[in-house]
Amino acid sequence: QVQFVESGGGLVQPGGSLRLSCAASGSIATVYIMDWYRQAPGKQRELVARITSGGNTNYADSVKGRFTISRDNAANTLYLQMNSLKSEDTAVYSCNGRRGIFGPNVGSWGQGTQVTVSS
């Protein structure tokens, strides 16, 4: 099973930017789908962004136009560029992947990285 370590979170003011990184212990080149999730206190984990091995992307409506997901297969790293951050973006962000649309996650859920947007 692949181990993911998220980093790059922090405390920012509304309108600010952060770039999150998700470093994998193994290769992600063979992982068809890589995902960013977030979970706010008292809320369920939700899918924020998705990218396939072919570079196709999908975003939650709430982050479209503000977030950009990318992957560097050679570096075994997934990224999430977060711009124009809002208070409602505050959450713990985690990553995972699947080898198929309906397949299981390839990694276990880790601690994630905390993003706090506050003035």
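Residues numbered from 1 in each chain as written. Predicted model: local features only at pLDDT ≥ 70, side-chain atom pairs only at ≥ 80, totals over all residues. Heavy atoms only, no water.

Q: Sorry, what's going on with the packing of aromatic side chains here?
A: Two aromatic rings, taken as a pair, are described by how far apart their centres are and by the angle between their planes. Counted by the stated rule, this structure contains 1 aromatic pair. With 5.1 Å between their ring centres and 85° between their planes, Y37 and W109 make a pair best called edge-to-face. Taken as a pair, Y37 in strand β4 (residues 33-39) and W109 in the loop between β9 (91-98) and β10 (113-117) lie far apart in primary sequence, 72 residues in all. Positioned over the ring face of W109 is R45, at 4.1 Å from the centre of the ring. (Phe/Tyr/Trp six-rings, centres within 6.5 Å; stacked < 30°, edge-to-face > 60°. Helix = DSSP H or I, 4+ residues; strand = E, 2+ residues; numbered from the N terminus. Lys NZ or Arg CZ within 6 Å of the ring centre and 35° of its normal.)

Q: Explain the pairing of β10 here, please?
A: Each regular strand displays side chains that alternate between the two surfaces of the sheet. Where burial is concerned, the two faces of β10 differ: the one with T113, V115 and V117 is buried and the one with Q114 and T116 is not. With 3 bridges connecting them, strand β2 (residues 10-12) and β10 associate as parallel partners. Note that in β10 the partner of L11 across the bridge is T116. In the sheet, β9 pairs with β10 via 3 bridges, with the strands oriented antiparallel. Among the inter-strand pairings, V92 is bridged to a residue of β10, identified as Q114. (Buried < 20%, exposed > 50% of the residue type's maximum accessible area, 1.4 Å probe, protein only. Pairing = 2+ DSSP bridges.)

Q: Hey, could you run me through the state of the cysteines in this one?
A: By definition, a disulfide links the sulfur atoms of two cysteines through a covalent bond. Scanning the entire structure with this criterion turns up 1 disulfide. Across the disulfide, C22 is cross-linked to C95 (sulfur-sulfur distance 1.7 Å). As the torsion about the S-S bond is roughly 65°, the C22-C95 disulfide counts as right-handed. Taken together, the residues C22 in strand β3 (residues 18-24) and C95 in strand β9 connect sequence positions 73 residues apart. Residue C22 is classed as buried on the basis of its relative accessible area of 1%. Taking relative accessible area as the criterion, C95 reaches 1% and is therefore assigned buried. (Disulfide = S-S within 2.5 Å.)

Q: How should I be thinking about the sheet that holds strand β6 (residues 57-59) in this particular structure?
A: Strands pair in a sheet through their backbones, by hydrogen bonds, and they do so in one of two ways: parallel or antiparallel. Spatially, β2-β10-β9-β4-β5-β6 is the arrangement adopted by the 6 strands of the open sheet, whose pairing is mixed. Each end of this open sheet is capped by a strand with a single partner; those strands are β2 and β6. Averaged over all pairs of adjacent strands, the angle between their axes in this sheet comes to 20°, without regard to strand direction. (Axes fitted to C-alpha atoms, helices over the stretch in contact; angles between N-to-C directions.)

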